[in-house]
Amino acid sequence: MCVMESQVKEIIARVLNVDVSLVNDELSSGDIPQWDSVGNLAIISTIEQELEIEFPLDVLFDLTSVRSIIDEVNRLTNV
């Protein structure tokens, strides 16, 4: 796992207030009660702030799983 991937998983776990071991590539919104639309917005905004990136508006509705978020972060940071 690359550093960026572990950072994203740690952010998601912290925002959702769950153990990082629960945050795997298959986890997506709706899988746990905390990851609703408000939780998703909190995840996105926290990642943007902490990693100093900005997700394009046209992909925001697609960022609903750990894998999709990591893939987009990697694309934006050229990892």
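Check the entry above for the structure.
Note that the structure is predicted; figures quoted are calculated from it, not measured. (Residues numbered from 1 in each chain as written. Predicted model: local features only at pLDDT ≥ 70, side-chain atom pairs only at ≥ 80, totals over all residues. Heavy atoms only, no water.)

Student: How should the side chain of serine 68 be read in this particular structure?
Tutor: Checked against the element boundaries, serine 68 lands in helix 3 (residues 66-77). Engagement of the side chain of serine 68 in a polar contact is seen with the backbone oxygen of serine 65, the distance being 2.9 Å. Those residues in contact with serine 68, other than ones at most four positions away along the chain, are Asp62 and Leu63. (Helix = DSSP H or I, 4+ residues; strand = E, 2+ residues; numbered from the N terminus. Polar contact = N/O pair within 3.5 Å; in protein donor to acceptor, adjacent residues only side chain to side chain. Contact = heavy atoms within 4.5 Å.)

Student: I'm lost on the layout of surface pockets in this one. Help?
Tutor: To find leftover empty space, a probe the size of one water molecule is rolled over the atoms. As a volume, the largest pocket reaches approximately 180 Å³. Forming the walls of the largest pocket are Ser37, Asn40, Leu41, Ile44, Glu48, Glu54, Phe55, Leu57, Leu60 and Phe61. Here the lining of the largest pocket is composed, by residue class, of six nonpolar, two polar and two charged. (1 Å grid on protein atoms, 1.4 Å probe; cavity = no way out; pocket = protein on both sides within 12 Å on 5 of 7 lines; lining within 4 Å. Points joined across faces, edges and corners; volume = space filled by probe spheres on them. Nonpolar A, V, L, I, M, F, W, Y, C, P; charged D, E, K, R; others polar.)

Student: Explanation requested: helix 2 (residues 37-51) in the structure shown.
Tutor: In an α-helix, one turn spans 3.6 residues, which is why side chains three or four residues apart end up on the same side. Taking 1.5 Å of rise per residue, 15 residues should cover 21 Å, and helix 2 covers 21 Å from first to last C-alpha, within 8% of that figure. Positive backbone phi, approximately 55 degrees, marks glutamate 52, located one or two places after helix 2. (Expected span 1.5 Å × (residues − 1).)

Student: Would you take a moment to explain unusual backbone geometry for this structure?
Tutor: Most of the time, phi is negative for any residue but glycine, and the peptide bond is trans. Despite not being glycine, asparagine 17 shows a phi value in the positive range, around 60 degrees. Mapping asparagine 17 onto the fold places it in the loop between helix 1 (3-16) and helix 2. Overall, the relative accessible area of 68% leaves asparagine 17 in the exposed class. With a phi angle near 55 degrees, glutamate 52 is a residue other than glycine that sits in the positive phi range. With respect to the helices and strands, the residue glutamate 52 is situated in the loop between helix 2 and helix 3. Exposure remark for glutamate 52: the relative accessible area of 73% places this residue in the exposed category. (Buried < 20%, exposed > 50% of the residue type's maximum accessible area, 1.4 Å probe, protein only.)

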